[in-house]
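One-letter residues, chain by chain:
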Amino acid sequence: EPEVTQTPSHQVTQMGQEVILRCVPISNHLYFYWYRQILGQKVEFLVSFYNNEISEKSEIFDDQFSVERPDGSNFTLKIRSTKLEDSAMYFCASNPAFSYEQYFGPGTRLTVT
Amino acid sequence: AQSVTQLDSHVSVSEGTPVLLRCNYSSSYSPSLFWYVQHPNKGLQLLLKYTSAATLVKGINGFEAEFKKSETSFHLTKPSAHMSDAAEYFCVVPSGTYKYIFGTGTRLKVLA
């Protein structure tokens, strides 16, 4: 069964460094998302992406964040200058057209020190 | 705007007894609704989904949920809890086409 994959599974970085989290959505899906979950808290929406542009973004998704689908298969989340409060689990998700059901990747745990 | 409220942050049950995890939704129309489970240090797994076909929805691992429009509820139940059910459970409602709104989660503890 097709699945969403994410790399790396765990990323440790120093405050102020740039990180790129990578996701490979399911191949025939059209909508892509990033969510984050700070330890012990609920899952929060960051951004949705469709037709090579951002569809919607939350207040969390400020100028430090960007997304890209560089090659038609990968979907990346970049954080330009990480802060301690960016430490969280980041989930990528995708869904096909005409379906609300999102398929989630296993997550990348980002630790900012 | 769509929203979901999970009424219990923690639920403890004994193994072999029924499980009830409560979720109420707020929507201006009949929404789709989902339950996801997250085991410790794992990703999000879809348990079941309601998409208006049938009000009683059966999911994986013996879980089911009933959509009750009159009560704006979508409670998750299981007749007999197993130790492996210990996890965090999220009720989710899509908002428009483009994002999920997650509830705050219910941590289920199963006692031996």
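Because the structure is a prediction, the values reported are computed rather than measured. The written sequence of each chain sets the order in which its residues are numbered from 1. Throughout, the order in which chains and ligands are written sets their labels, letters from A for the former and numbers from 1 for the latter. Per-residue local features are limited, in this predicted model, to residues with pLDDT of at least 70; the limit for side-chain atom pairs, both in listing and counting, is 80 or more; totals at the level of whole chains, interfaces and linings are taken over all residues. No hydrogens and no water enter the side-chain calculation; it runs on all heavy atoms of the structure.

Draft legend 1. Seen up close, the overall build of chain A. The way it works is that DSSP assigns letters per residue, a run of H or I at least four long becomes a helix, a run of E at least two long becomes a strand, and they are numbered from the N terminus. When its secondary structure is counted, chain A shows 0 helices and 11 strands. Overall, chain A shows an N-to-C arrangement of helices and strands of β-β-β-β-β-β-β-β-β-β-β. The C-alpha atoms of chain A give 13 Å as radius of gyration, which agrees with the globular expectation for 113 residues (13 Å, within 12%). C-alpha atoms of chain A, sized along the principal axes, occupy 40 × 25 × 25 Å. Burial classes: relative accessible area under 20% of the type maximum marks a residue as buried, over 50% as exposed, and values in between as partly exposed (1.4 Å probe, protein chains only). Burial status across chain A gives 44% buried among its 113 residues. The globule rule is 2.2 Å times the number of residues to the power 0.38, and the radius of gyration it is compared with is taken over C-alpha atoms.

Draft legend 2. Expanded view of the overall build of chain B. For chain B, the count of helices and strands is 0 helices and 12 strands. Element order for chain B, N to C, with α for helix and β for strand: β-β-β-β-β-β-β-β-β-β-β-β. Taking 2.2 N^0.38 as the reference for a compact globule, 112 residues should give roughly 13 Å; the C-alpha atoms of chain B span a radius of gyration of 13 Å, in line with that estimate. Projected onto its principal axes, the C-alpha coordinates of chain B cover approximately 40 × 25 × 20 Å. A buried classification covers 44% of the 112 residues belonging to chain B.

Draft legend 3. Up close: the packing of aromatic side chains. For this analysis, a ring pair means two rings from Phe, Tyr or Trp (six-membered ring only for Trp) whose centres lie within 6.5 Å, classed as stacked if their planes differ by under 30 degrees, edge-to-face if by over 60, and tilted for the remaining angles. Within the structure shown, the criterion is met by 21 aromatic pairs over all chains. Seen in terms of ring centroids, F104 of chain A and F102 of chain B are 6.0 Å apart; in terms of plane orientation they differ by 80°. Their pairing is edge-to-face. Of this pair, F104 of chain A sits in strand β10 (residues 103-104) while F102 of chain B sits in strand β11 (residues 99-102), placing the two residues on different chains. Comparing F104 of chain A with F102 of chain B, the two get one shared label, buried. Ring centres of F63 of chain B and Y89 of chain B lie 5.5 Å apart, and the angle between their planes is 45°; this geometry places the pair in the tilted category. Here Y89 of chain B lies in strand β10 (residues 87-95) and F63 of chain B lies in the loop between β7 (56-58) and β8 (64-68), a separation of 26 residues in the sequence. Side by side, F63 of chain B and Y89 of chain B carry an identical accessibility label, which is buried.

Draft legend 4. Region of the structure containing the interface of chain B and chain A. The contact criterion used is simple: two residues touch if any of their non-hydrogen atoms lie within 4.5 Å. Contact residues are listed per partner, giving 20 residues for chain B and 17 residues for chain A. When two parts are put together, the accessible area they lose, computed with a 1.4 Å probe and summed over both, is reported as buried area. Note on chain B versus chain A: buried area summed over both sides is about 1800 Å², and carbon and sulfur give 59% of it. What counts as a salt bridge is simple: a side-chain nitrogen of Lys or Arg found within 4 Å of a carboxyl oxygen of Asp or Glu. For the interface between chain B and chain A, the tally reads 2 salt bridges. Any N or O atom pair separated by 3.5 Å or less is treated as a polar contact, with the protein-specific requirement of one donor-capable and one acceptor-capable atom, and with residues adjacent in sequence counted only for side-chain atom pairs. Counting the contacts that link chain B with chain A gives 7 residue pairs in polar contact (both at pLDDT 80 or more). Counted by class, the side of chain B that touches chain A contains 9 nonpolar, 8 polar and 3 charged residues. Only Asp, Glu, Lys and Arg are considered charged, only Ala, Val, Leu, Ile, Met, Phe, Trp, Tyr, Cys and Pro nonpolar, and every remaining residue, Gly among them, polar.

By themselves, these figures tell us nothing about what the structure is for.
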